[in-house]
Amino acid sequence: MSMTAMAGGSRRRFLLGAAGALGAGVAGALGVPRSASAAPSAASGGRDASATGTVYIASDSTAQTYSSGYYPQAGWGQKLSSYFTSHVTVANRAIGGRSSRSFIEQGRLAAIHDVIKPGDYLFVQFGHNDATVGNAERYTPPADYKEYLRNDYIRATRALGATPVVVTPVSRRSYNASTGKFNVSFPAYVDAAKAVAQEEGAALVDLAAASRAYLDGLGVEASKTIFLWLNAGQYPNFPDGIQDNTHFQERGAVEMARLVSRSVAGLGLPLSGEVVPTAAG
């Protein structure tokens, strides 16, 4: 592990210790994800009450919520609530320019852990900014990224009785010009996320694979309607136009949110039963 991650060791031990104390006796603390639940009560009308809760999102600009001043730019977290029933609240804490490390160092994960409750969920997607080698504030080597996911996002969240869901980094508009097939974006981070989810028995949404398959089906030229490719004069907020292969315009955010929810529907979590049927389309 790098010196950056080692410096955060005492902080992580404190966080895990405090979370463990708060979550003492809570089912699922530091164990297998809450993939099973008690029988629905009569008062809930046959619905498992644990399926009602909040989904917190810890992520970057690909998932964040944008104000109308950025329209049509949007993040997938901004659109996720459309794919769940009214029993689920989505609290999108994603913010641009953050990596798995800086999101913690700036106290943003702690702010989520201050309010997250047993039965809630934490969706975590990083990788885009972790991979920016030239930016010391953001860069997080894959090995450190993996340990942040393990200790801070998975274990500490479980200690509070909530369920972590690891989301692999969504694809960029990067493709092989010869084949027209889309490349795996941030492969070392995708592999690290998948590995730690398996090692910890955490739920995994492989958005990297799902988004790449979707883009392959769409095609290189049509993928411009997913990403923030805008002509000059097309939108008032982007008068000069833009060619952005990382961020999404509204349609792209909607489609990525659909892919996330469709994956959640197959995870076998209490939350899975709250995905609306349109997500399967």
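For the structure itself, look to the data block above.
Computed from a predicted model, the values in this text were never measured in an experiment.

**Describing the pairing of strand β8 (residues 242-249)**
In step 1: Summarising the sheet, strand β2 (residues 73-74) and β8 pair through two bridges and their orientation is antiparallel. Among the inter-strand pairings, Q73 is bridged to a residue of β8, identified as Q249.

**Quick word on helix α5 (residues 108-115)**
In step 1: Every buried residue of α5 is listed here: L109, I112 and H113. Axial view of α5: buried residues confined to an arc of 95°, hence all on one face.

**Quick notes on the packing of aromatic side chains**
In step 1: In the structure shown here, the tally under the stated rule is seven aromatic pairs.
In step 2: Between the aromatic rings of Y145 and Y189, the centroid separation amounts to 5.0 Å while the plane-to-plane angle is 80°, which identifies the pairing as edge-to-face. One end of the pair, Y145, is in helix α6 (residues 142-159); the other, Y189, is in helix α7 (residues 187-200), and 44 residues separate them in sequence.
In step 3: We classify Y145 as buried; its relative accessible area is 1%.
In step 4: With a centroid separation of 5.2 Å and 35° between ring planes, the pair formed by F227 and F248 is classed as tilted.

**So, the pattern of salt bridges**
In step 1: Evaluation of the coordinates by the stated rule reveals 11 salt bridges.
In step 2: Its salt-bridge partner being E250, residue K79 comes within 2.8 Å of it at the nearest N-O pair. Residue K79 is located in helix α3 (residues 76-79), and its partner E250 is located in helix α9 (residues 250-265); the two are separated by 171 residues in the primary sequence.
In step 3: According to the relative accessible area criterion, K79 is buried, its value standing at 17%.
In step 4: The shortest N-O distance in the salt bridge between E200 and R150 comes to 2.8 Å. Placement of E200 in helix α7 and of R150 in helix α6 is noted, with a sequence separation of 50 residues between them. Residue E200 shares its accessibility class with R150, and that shared class is buried.
In step 5: Through salt bridges with shared partners, a single network forms among K146, E147, R150, R155, E199 and E200.

Scoring rules and cut-offs
Residues numbered from 1 in each chain as written. Predicted model: local features only at pLDDT ≥ 70, side-chain atom pairs only at ≥ 80, totals over all residues. Heavy atoms only, no water. Pairing = 2+ DSSP bridges. Helix = DSSP H or I, 4+ residues; strand = E, 2+ residues; numbered from the N terminus. Buried < 20%, exposed > 50% of the residue type's maximum accessible area, 1.4 Å probe, protein only. Arc of directions from axis to C-beta. Phe/Tyr/Trp six-rings, centres within 6.5 Å; stacked < 30°, edge-to-face > 60°. Salt bridge = Lys/Arg side-chain N within 4 Å of Asp/Glu carboxyl O.

So, to be careful, I would describe these as geometric facts and stop short of saying anything about function.
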